[in-house]
Every structure is written in structure tokens, then in C-alpha cells.
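Observations on chain architecture
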Amino acid sequence: MSVMTAPLKLEDLEDRSFDPFMVEKLSHGSTADPYPTIHAAMAKGPVHKGAYRDLFDAVPDVQMAGLNHYVVLGYDLIQQVLLDPQTFTNREAFEHNLGRSFGHTVTVMDGEEHARFRRIFQRAFLPQVVAKWGETVVDPVVDRLMGAFIQRGEADLVADFTHHYPFQVIYRQLELEPEQAPIFHKLAIAQLLSSIGAPQGQEASRKLGDFFAGLLTLRRAQPGSDLVSHLATVEVDGERLPDDVLIAFLRQLMNAGGDTTYRGTSVLLTGLLTHPDQLAAVAADRSLIPQAIDEALRWEGPVASTWRHAARDVTLAGVDIPQGAIVNVVLASANRDPAKFPDPDRFDIFRDRSVRPLPFATGPHVCIGQHLAKVEMTRALNAVLDRLPNLRLDPDKPAPDIVGHILRVPEHIHVRFDPA
Amino acid sequence: MKQWMCLNCGWAYDEAVGDPSAGIAPGTRWEDIPDTWRCPDCGAAKSEFDMVEV
């Protein structure tokens, strides 16, 4: 039995009327379909001077603007960059944005320090560990959310389901009091706004940090079987995780583990619902779910780009990139590279799988939570297929429209089904 | 079932599948993979792998 978090109270933003969700959405760009632009840029060559954001109309990135940017496109070159962490480092690429939001997270570490902490965190998210959470943590959340709308015969699968379940999975892992959840979600989104200079960003980071510091103290005093107790007490080679590293990781959890899974699940459902033959195939044969997930994340990976820092002068595809440059690694271009994925814009769960898509990136910083994301998406899709018979898009409402050029998601998925 | 797993990223080596993209043919036993081989997901060294119950 773990300690309750009752004594811990999250403090809301001072300006209660501030809506971080709207501001954050704007910062991801409103581009409906960035792929024609990405394909056109690739056709001119795999490396360009300038920032990925500059290809689109975007809210200026006040922390990263003014730096010397290069865009890298295409599967092979992106793999080369991400698998060469000595040349292409993280700290300088992320200290201006995620580092300000989260603190000393593994995302802003390099080399030995990164490897040491990464192994400790990954141990808590290995496939055999997270598989157990499917039943104990994910299913109850999914069941409760779906129970609220299966009688209706219609739903917006984003507003009613995908925009909630991955976050609620995290609340359960943190054993957060239900009434704290809306403030927690708000602060988790607000902390990202450091990247566009909004003062609420640092305010949210500080308030979440205070909350997690209190939580760690409680869990260390009386450890339970939950994720925080595990991370707060785990020792590797006789060493515990330092508080600043652990708090930064917990700050990042909502965004890295909640936001991306909400987007990935929404994209998966969009792909299947707009291709009813493939939806029917998966409904009839659930062994197709892993390849449906892989294809959805290739087709519309929620994270379109990541960044690295050139630690030395380097030449990529004949283009000289000077030391200190920020390399924009456009994952979306790797996953739609026609040299690797024929007819790359087509959603096809039956396509050849010999080339591994890179939605979670690759290299030493590959997504720690990728196995949990797949467990969550599998459970969510199974529940949708089991509990919403005769599922189809609502013909009287707009079809789902995936938008954004940094992070992608449809705002709505209006569906109908036979009510329970 | 036990599998060799990369402790940096959780990628598991399946002998039946191998790692064709790195020239490791399906059916290759773990002990026959050269020490210079790297994890296809994260680039970690073969020594970063451990035998785990999955």
C-alpha cells in the first residue's frame, strides 16, 4: 500500500484565465498537410540551410531563433545523424527549450552521463515491465472512459477518449488525486511554453517541481509498488537517481508519455476509419494490430521533427555544417522517404515491413516509452473494436483532419456505432 | 520465454528473424553475432544486451 498524495496540493497558474492548451496548439503550427512541402524540399536535396519551422508559417521560436539551423531529410541521413551521438549531441539542442521546461532530463544529457541515467529509467519501461501495466493500469482507464459513451451510438473519439486516456494512465501511475488532475494537465502543458517565451512556462515548471519533490519525499518514506516509488528508491551500482534528474523526468512524463500517445492513438484511429477495409481486417484478425500501429506511426508520426547540435564541423551529403549548428532532423521525412517506403503517403497496414520506420527516432535517445505507447495503443484499439460494433465515420460531420507540422493530431474523430 | 534484450532501449533479438538490415541472417544464434554488431534501434553495443524473461 503506497502513501496517499492527499497532503500534496498542486498550485494553479496565478493567471487562472490563461489557456495554455490554446497557446501550445498554436506553437505546433496549423499546417494541414506538411508532406507536400517536405517532399518538395527532399527533391531539392537532403540537407538545407535553415530551420524546419521556416518551411511553414509558424509562431516564432524565441529560444531557438537566431541559431544556425540546418534541415536534414530522408531516412538514411537521419539514421546516420541519430546513430552518431558523438558528432550530433543533445544538450545544446534542447537546453533552450525542453531543458528550460523540464530541467536536467535525460533528453539534455550526452555521453556517459546520459547512458548511466538512461539505463535506470529504461529499466522501468522495458517491454516485460510495461506489459503488466496493460491490464492493471491501462484497461481500467479505457473501460471507464468508454463506459461513458458506448450507450450514445456516436462519439468524438478525440474529445471523449484519446485526449484523456494516456494522461489518466499517468495519473494512476502517480496515484494523483482525481481533483488534482485538471491542474496537473494544465501545468504540464503550460511548462512547454518556455519555448515561446511565455512567463507561465517557468511558473508551471516550478510548481510541478515543488509537487514532485514533495511526492518523492513521501514515497521514499513509505515506498509502494507504483512507478514513483520505484524510481525514487531504485539503485544501480549503489547509486540512486538524483532528485533534479528524477523531477525533470517526471515533469517530462506527461508530454513524452501522455501527449504523444494521445496523438499516436488518434492517428491510428484516423488511418483505420478512413480506410474501412483495413479497419475490418484488423477487427477480424487482431494479430494485425502491431503492424497497424507501426504503419500509423510511420504514416503520421506524432513527432515530425527532433533536433541535434553539431559538436564539430561535419559534411552531410556534400553540405558543410559548421560546429555549433542546430540540425533539424525531420523524422516525418524519414518515414515518408519514397526510397524506403514505396508510395509513402498511402496508409497501408499490409505494406512490406523490411524497413523499420523511425517514429520514435533511433540512436541512444530513442523514445524510452515506446513499449508503453504500443501497449496503450493496443489496449485502446482492442477496446474500440470490442465495444463499438459497426464503427464508422459519422457521415454528417467533418472527417478527421490531422494538422500541425511539429506535432500532429486530428482535433476530432466523429464516429457512429451500434449503441450498447 | 527468455530473449536477449538491449537494456538501453528494450529491443529484443529474435533468432528466427535475425537482423537482416545489418547482415544478420534469420536463424543466426546470438553467440554467432559479431561483437561489432550494434542494436538496430539505439546503436548500443552487443555487450549492453542481457538475457531477460519476456
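Refer to the structure printed above.
Read on for a plain summary of the structure. (Residues numbered from 1 in each chain as written. Chains lettered and ligands numbered in written order. Predicted model: local features only at pLDDT ≥ 70, side-chain atom pairs only at ≥ 80, totals over all residues. Heavy atoms only, no water.)

This part covers the sheet that holds strand 4 (residues 154-156) of chain A. Residues and elements named next belong to chain A. Overall, antiparallel pairing links the three strands, which are arranged 4-14-11 in an open sheet. Strand pairing shows two members of the sheet lacking a second neighbour, strand 4 and strand 11 (392-393), which therefore form its edges. With three bridges connecting them, strand 4 and strand 14 (residues 414-416) associate as antiparallel partners. Bridge pairing in strand 14 links Glu154 to Arg416. (Pairing = 2+ DSSP bridges. Helix = DSSP H or I, 4+ residues; strand = E, 2+ residues; numbered from the N terminus.)

Okay, the packing of helix 1 (residues 20-27) of chain A against helix 10 (residues 181-190) of chain A next. Residues and elements named next belong to chain A. Their axes nearest at 9 Å, the elements helix 1 and helix 10 cross at an angle of 35 degrees. The interaxial crossing formed by helix 1 with helix 10 has left-handed handedness. For the pair formed by helix 1 and helix 10, the contact residues are Pro20, Phe21 and Glu24 on the first element and His185, Lys186, Ile189 and Ala190 on the second. Per-class residue counts for the contact of helix 1 with helix 10 are four nonpolar, one polar and two charged. (Axes fitted to C-alpha atoms, helices over the stretch in contact; angles between N-to-C directions. Left-handed = near helix turned anticlockwise from the far one by under 90°. Contact = heavy atoms within 4.5 Å. Nonpolar A, V, L, I, M, F, W, Y, C, P; charged D, E, K, R; others polar.)

This paragraph deals with helix 2 (residues 35-44) of chain A. Residue and element names in this part refer to chain A. Every buried residue belonging to helix 2 is among Tyr35, Ile38, Ala41 and Met42, and all of these are buried. What you see down the axis of helix 2 is that its buried residues fit within an arc of 125 degrees, all on one side. Helix 2 presents Ala43 and Lys44 as exposed residues on the side facing more than 90 degrees away from its buried surface. Tucked into the core, helix 2 has its buried residues touching strand 1 (47-49), helix 15 (289-299) and helix 16 (331-335). Backbone geometry just after helix 2 places Gly45 at a positive phi near 140 degrees. (Buried < 20%, exposed > 50% of the residue type's maximum accessible area, 1.4 Å probe, protein only. Arc of directions from axis to C-beta.)

All right, on to the pattern of salt bridges then. Two side chains that carry opposite charge are able to pair once their charged atoms sit near each other. Residue and element names in this part refer to chain B. Under the defined criterion, the tally for this structure stands at 33 salt bridges over all chains. Put simply, Asp32 and Arg29 hold a salt bridge, and the shortest N to O gap is 3.1 Å. Owing to a relative accessible area of 44%, Arg29 belongs among the partly exposed residues under this scheme. (Salt bridge = Lys/Arg side-chain N within 4 Å of Asp/Glu carboxyl O.)

Turning our attention to the interface of chain B and chain A. Interfaces are often described in size by the accessible area the parts lose on coming together. Counting residues at the interface gives 15 residues for chain B, matched by 15 residues for chain A. In this assembly, chain B packs against chain A so that about 1100 Å² is buried in total across both faces, 45% of it on carbon and sulfur atoms. Of all residues in chain B, Leu7(B), Asn8(B) and Asp41(B) bury the most surface against chain A, accounting for 44% of the area lost on that side. At the junction of chain B and chain A, the tally comes to two salt bridges. Taking the shortest distance from any N to any O, the salt bridge between Arg119(A) and Glu48(B) comes out at 2.9 Å. Linking chain B with chain A are eight residue pairs in polar contact (both at pLDDT 80 or more). The set of elements that each furnish at least two residues to the side of chain B that touches chain A consists of strand 1 (2-6) and strand 3 (49-53) of chain B. Along the lines of polarity and charge, the residues of the side of chain B that touches chain A split into nine nonpolar, three polar and three charged. (Buried area = accessible area lost by both parts, 1.4 Å probe. Polar contact = N/O pair within 3.5 Å; in protein donor to acceptor, adjacent residues only side chain to side chain.)

Residues and elements named next belong to chain A. Closest axis-to-axis distance for the helix 10/helix 11 (residues 199-221) pair is 8 Å, and the angle between their directions is 130 degrees. By the angle between their axes, helix 10 is oblique relative to helix 11. The handedness of the crossing between helix 10 and helix 11 is left-handed. Note on element contacts: helix 11 touches helix 10 through Gln200, Gly201, Ala204, Lys207, Leu208, Phe211 and Phe212, opposite Phe184, Leu187, Ala188 and Ala190. (Parallel < 35°, antiparallel > 145°, perpendicular 65-115°, else oblique.)

Enumeration according to the criterion identifies 22 aromatic pairs over all chains in this entry. An aromatic cluster is defined as three or more aromatic residues linked by ring pairs; in this entry it consists of Trp4(B), Trp11(B), Tyr13(B), Trp30(B), Trp37(B) and Phe49(B). Geometry around Tyr35(A) places Arg336(A) over its ring, the cationic atom sitting 3.4 Å from the centre. Looking at Lys46(B), its charged tip hangs above the ring of Trp30(B), at a distance of 5.1 Å from the centre. (Phe/Tyr/Trp six-rings, centres within 6.5 Å; stacked < 30°, edge-to-face > 60°. Lys NZ or Arg CZ within 6 Å of the ring centre and 35° of its normal.)

Moving on: the sheet that holds strand 1 of chain B. All names here are of chain B. Spatially, the three strands line up as an open sheet ordered 2-1-3, and their pairing is antiparallel. Only two strands of the sheet have a single neighbouring strand rather than two, namely strand 2 (12-13) and strand 3. Of the strand pairs in this sheet, strand 1 and strand 3 are connected by five bridges, and their pairing is antiparallel. Bridging across to strand 3, Cys6 finds its partner in Phe49.

Quick look at the nonpolar core now. Residues and elements named next belong to chain A. The biggest cluster of nonpolar side chains holds 107 residues, and the ones touching the most others in it are Phe121, Phe125 and Phe184. Here the element with the most residues in this core is helix 13 (residues 243-273); it accounts for 13 residues. The residues touching Phe125, leaving out its near neighbours within four places in the chain, are Val130, Trp133, Leu227, Phe249, Leu253, Ile368, His371 and Leu372. Counting 21 residues, the second-largest nonpolar core is a separate cluster that includes Val47, Tyr70, Leu316 and Val327. (Core = buried A, V, L, I, M, F, W, Y, C linked by side-chain atoms within 4.5 Å.)

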